[in-house]
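Here's the letter readout for the chains.
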Amino acid sequence: MGQVSVETGRLPAVAARRGISRQRRRHVIEAYLYMSPWLVGFVALTLVPVLLSLYYSFTTYDIISPEKWVGINNYVKALTQDQQFWPSLAKTFYYAGVTVPLGVVGSLVLALFLNIRVRGTSVYRTFFFMPSLVPVVASTVLWVWLLDPDWGPVNEVLRNVFNVTPPRWFQDPTWAIPGLISLTLWTSIGGTRMIIFLAGLQGVPEELYDAAAIDGAGWWARFRSVTLPMITPTIYFNLILGVIGALQVFTSAFVATSGGPAYATWFYALLVYNNAFQYFNMGYASALAWMFALLIVALTGLQVRLSRTWVYYGGE
Amino acid sequence: MHHTATSRRAILTLLAGVPALALLAACGGTAATTQTASSQTAAPTSVAASSAAAATTQAASSAAQPTSASANAQAANVHLYWDTFRGVGTPWPDQRIKAFQDANPGVTAEMRPIPTPQSQQDAYPKMYAMYASGTLGDVFAFDPSHWEFYRAVPKGLIRAIDDYISRDRFDLAQFYPPFVEMQKLNGKTWGLPSWGWSGQDGFIYNQVIFQQEGIAEPDYNSPQWTMDAIRQLAQKLTKMGSNGAYDRYGMELALGAAGASVYTRAYNQPDFYEPTKSDILDPKVQPAFQWVQNMAQVDKSLALPGGFQGADTALFASGKLAIIQSGSLTAFNAFKAIKDPKVAVVASALFPKRTDGNRPSHMRGGTWNVGTLSKNPEAAWKFVQNLDNHDGTLTFNTIGGNGALVRPDIMSDSYFSLPAFKPYLENLLTAMPAVVPANGRGTEFEQTVSQTWAESYLGKANFQDGIKKLNDAVQGVLSEAAQ
Amino acid sequence: MAAITTPVPAARAAATSGRRRLAIAVMTYGALTVCGLLFAFPFFWTVSTSLKTAQETQIVPPTLLPVVAQWHNYMTVFTTQPMALWLRNSGIIILASLPGAVITSTLVAYAFARFDYPGRGFFFMLMLSTLMLPAEVTLIPQYIIYQKYFHWINTFWPLIVPSWAGGGAFTIFLMRQFLMTIPRDLDHAARVDGANSFQILWHILVPLCRPALATVAILQFLGTWNDFFGPFIYLNNAKLFTMSLGLRYFQTIPETVGEPKTHLLMAATIIMAAPAILLFFSFQRYFVRGIVLTGIKG
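Everything numeric here is computed off the predicted structure, so don't read it as measured data.

A. Summary view of the overall build of chain C. A count of helices and strands for chain C gives 15 helices and 0 strands. Within chain C, buried positions represent 51% of all 298 residues. Taking all contacts inside chain C whose residues are at least 6 apart in sequence as the whole, residues at least 24 apart take part in 74%.

Now the structure itself:
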């Protein structure tokens, strides 16, 4: 193999073209080798079911009998005839629009708190993380009681301390989603998102903080000019996955309210689930799922594009 | 650097050794698990635990059968698979299997539990997937009350058993007739009754509250016991606190399609819908919905869904809920939930009689089916009988945790001597079946009613608009094509 | 460190900073404690319920503490149901899938983070897209394929193999973000010394990624440990059930009769959450110590 000069990256003219392309080829081959676990798994396990679900979206299919082709009927039905399609979408975006910003900011604040080296940090960290360790069903049942309109502690406080008539939470279509939002925030702020922020914070080099301190920067200036830029990759990560996760909200609504009352928490994922596994409209559910997936892809693509303006990778 | 090197090596060894272990475990699955299961029996010491241990050993040895059965492919040993979510977590399935195996040497059976995540409805996707991939068992249940019966039968998942019934001269009269009728579709019989009760056709009420308030307990045989009387009773028993809180709810109704059916029938109509048509806007059906609306929005005496979830019996036992529309099952549950008889004592009443002399009801029931994929339908048929005979059905109630009130001959058992249960007996003979949507979309219909009706009784829409919306939604589902 | 370079009159600085530090400390500890208790409440509540009698759990409004702690509930859980078996099965799946997730997500992320090749952008979006299609619609086709072609139904394979294929888009994305924060100068320096791509990964990048690797491990553990739907749909034989399935045995399903089993359910929940909490408690040290040195002077 030709000797590549480190300073100029160029080879003696004759061997240049052959040597560089060989090294480039090796680079590409290695890349695909490293990707192979995912590539192989994707093709073998995921690709076919995904393509099948796309196919089924143009059929009516109930699992136990052969599917019947119906063309774009499912898509038309969703956009024009399904009474719950647009409302579901709206509710899902409402939920995500509140949960994601509050959740990301909340997790970051908690992580910053825990990053301070005080005594017993490991205990505090574990406390904050506990809601994520209790299975969703248990915490949801607990939350439903906390927000019980008549005997739950939250309303007791609102009544006796603040002397107001409190909302009836999961009994009231207007207050059901805020109730769920509070449940989600409580169980997820101290959870994996916070852990990821912690890991990101730990990755910020000490020297940068020292340099800033020498320049006389206070803690807010240090946060704004050192911490924030350095953790933008982590924020970006949490934002993207936060949006994807929030738009797919399902379990809490399923357990707490079964989509009610009066469709109040009938999120899009619930719409898909019910059509797929309760009504066995698998074809229609597939159409719903694909429309949603395309929407999320578009949203994520947008976020990826925008990320080039604000995310700073230390390694580039 | 040295530190990182050693820890990395340690991690490497761990990582390397583990997949090998997992490989071993996954391959040697059956053998290894049988091993663990039998070592389980050494641990427990209490009486209750030893019966569970005996059950585990039994299950362990029957779980070991597949290996030997598949090994001796041509052996006379027949092995049945029983897929269900019923009785999971109780000793009932293992007891039934033992009884069957004792009576049928040469045949073994294995239960494959389906631990449903949230509701019993969730078992069906798995069962359909198993059918589609050819692995559904010999005996299972597509319950009529879950509507899937009406999908599974036409699609060929279930084997009709009329030939066995006539050949063996099996006496269907050993069951209450309504539950036998439930097993029939298109002129054939598709299973034997499993669980069943007459639905939420009555009320349980807290005697202590009635005594405290000085109100006479309901006499459900008297002509004064009308729907209006029930409404007034609920209103009298409701106590409000400050700032919108309730100290006590008067009544909890079953606010869904089944409930609506019962109220419509209480007002002497057949039901609020027909197989292809919604009758909600019929002026003769309106009083049923008006009755609910009055209690919910005018009197505000109803405990509405969305509070302390699924715990109406807990509310009842704590004296916070005076009356619950319920059936015999709820009477049992409430009884078991009561800790302090000074706070709550349960008694029952029924809905007023209709003009035809029967009480309104909306029966719920299940089935045990023989699958069309079964290679041993004969043995499966015997197994179904074993689940359904006197002992099977009785223990289904007493230890299996189900309400299986399908046989007259078990009613004399002391388990049913609960006074609060007695009133429901009369409805078992005259239980009214559900109207089945012609397109088989029962679940969709049920959920649509639940969600859409809520807008009315939660006061989010005025009554006329709300009922119209409900009618349109129900008609929409009933008009859809069959799948 | 900072003290050496601060050019402030020593005495005054010491006094002000001492008072300020005390105030900050009090506020910090106070806030942390209040928040911590608030967050720990669901856990505390679950423990409290697990120590009640069956009927105590039915009281409205619920009581905070049991009248007498029923410690034997935990024994009851083990003796009435094959809990040990379930724990073992969950353990096997975790042990088999955790290394897979950690290893393969790093490998795949390495490709995304450090290599420039045709198709990288496409595959990155494709990988992320796998998170966006609701699982309900691929579940049944996947189930049928698993049964008809791989015969994986009723084995642990469907629960293990996917973690060896990168462990999921979440973990790959996470590792990629972390790898991208590490300056490339280290790579270049190693290349000059003649290292190949794997050596760079193994000797340089991985040690710097310890917080991320620990995070992946924890997330994978939690995901697999609490996974309900996977075991539910793929496992038929009760002997193979995992803890998450087993919990269902303690839930009284609507339309059934029986004593409320909430106390046992909570006890089982705690037993299930305990390893996760312990693991988190011990692992978190790796987040703290992962201080990245840029390794380049001048």
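B. Fine view of the interface of chain A and chain C. Taken together, the contact pairs 78 residues of chain A with 76 residues of chain C. Contributions of two or more residues to the side of chain A that touches chain C are made by α1 (13-56), α4 (121-133), α5 (136-146), α8 (192-202), α9 (206-214), α11 (232-247), α13 (268-278) and α14 (282-310) of chain A. The element contributing the most residues to the side of chain A that touches chain C is α1(A), with 18 residues. Taken together, the residues that form the side of chain A that touches chain C break down as 55 nonpolar, 18 polar and 5 charged.

C. The arrangement of helix α7 (residues 157-164) of chain C in detail. Here α7(C) has its buried residues at C:Pro158, C:Leu159, C:Ile160 and C:Ser163. Within two residues after α7(C), C:Gly166 carries a phi angle of roughly 105 degrees, on the positive side.

D. Broad picture of the pairing of strand β10 (residues 246-252) of chain B. Residue and element names in this part refer to chain B. In terms of burial, β10 is a largely internal element, 6 of the 7 residues being buried. Pairing between strand β9 (residues 239-240) and β10: 2 bridges, direction antiparallel. Residue pairing across strands places Lys239 opposite Arg248, the latter belonging to β10. Hairpin connection, β9 to β10: the antiparallel pair is bridged by 5 residues, and Asn243 has positive phi, about 55 degrees. In terms of strand pairing, β10 meets strand β13 (residues 321-326) through 3 bridges, oriented parallel. Counterpart to Tyr249 in the pairing with β13 is Leu321.

E. Examining unusual backbone geometry more closely. A cis amide bond links A:Gly260 with the next residue in sequence, A:Pro261, at an omega value of -5 degrees. You can see A:Pro261 is positioned in the loop between α12 (251-256) and α13. For A:Ser258, which is not glycine, the phi torsion reads 50 degrees and is therefore positive. Unlike most non-glycine residues, C:His151 shows phi in positive territory, near 55 degrees.

F. Structural view of the environment of B:Ala123. Residue and element names in this part refer to chain B. Counting through the fold element by element, Ala123 comes out in helix α5 (residues 123-132). Ala123 gets classed as buried once you count the C-beta atoms within 10 Å, which come to 25. In contact with Ala123, not counting residues within four places along its chain, are Phe85, Ile114 and Thr116.

G. Geometry of the domain arrangement of chain C. Here chain C is described as being made up of domain 1 (2-50) and domain 2 (81-289). Tallying the contact residues gives 4 residues for domain 1 of chain C and 6 residues for domain 2 of chain C.

H. Structural context of the sheet that holds β10(B). All names here are of chain B. Taken in spatial order, the 5 strands of this open sheet run β9-β10-β13-β8-β14, and their pairing is mixed. Two strands close off the open sheet at either side, each with one partner strand: β9 and β14 (346-350). Strand contacts of helix α14 (residues 328-337): β8 (202-206), β13 and β14, with the helix running at about 165 degrees to β14, the strand carrying the most contacts.

I. Representation of the confidence of the model for chain C within the structure. Residues and elements named next belong to chain C. When pLDDT is averaged across chain C, the result is 82; 88% of the residues are at 70 or more. A low-confidence stretch, residues 1-8 stays under pLDDT 50, and its non-local contacts, those more than four residues away or across chains, total 6 contacts. Between residues 289-298, whose pLDDT stays under 50, and residues either more than four places distant or in other chains, the model counts 13 contacts. The ipTM for the predicted assembly is 0.83, set against a pTM of 0.84.

J. View of the pairing of β8(B). Residue and element names in this part refer to chain B. Among the 5 residues of β8, 5 are classified as buried, and the element is accordingly described as predominantly covered. With burial as the criterion, each face of β8 is covered, one bearing Gly202, Ile204 and Asn206 and the other bearing Phe203 and Tyr205. Alignment of β8 against β13, held across 4 bridges, turns out to be antiparallel. Bridge pairing links Ile204 to Ile324 in β13. Relative to β14, β8 runs antiparallel, the two sharing 5 bridges. Paired with Tyr205 across the strands is Ala347, a residue of β14.

Rules and cut-offs
- Residues numbered from 1 in each chain as written.
- Chains lettered and ligands numbered in written order.
- Predicted model: local features only at pLDDT ≥ 70, side-chain atom pairs only at ≥ 80, totals over all residues.
- Helix = DSSP H or I, 4+ residues; strand = E, 2+ residues; numbered from the N terminus.
- Buried ≥ 20, exposed ≤ 12 C-beta atoms within 10 Å, placed from the backbone.
- Contact = placed C-beta atoms within 7 Å.
- Nonpolar A, V, L, I, M, F, W, Y, C, P; charged D, E, K, R; others polar.
- Pairing = 2+ DSSP bridges.
- Domains from an automatic or database assignment.
- Axes fitted to C-alpha atoms, helices over the stretch in contact; angles between N-to-C directions.
- pLDDT = per-residue confidence, 0-100.

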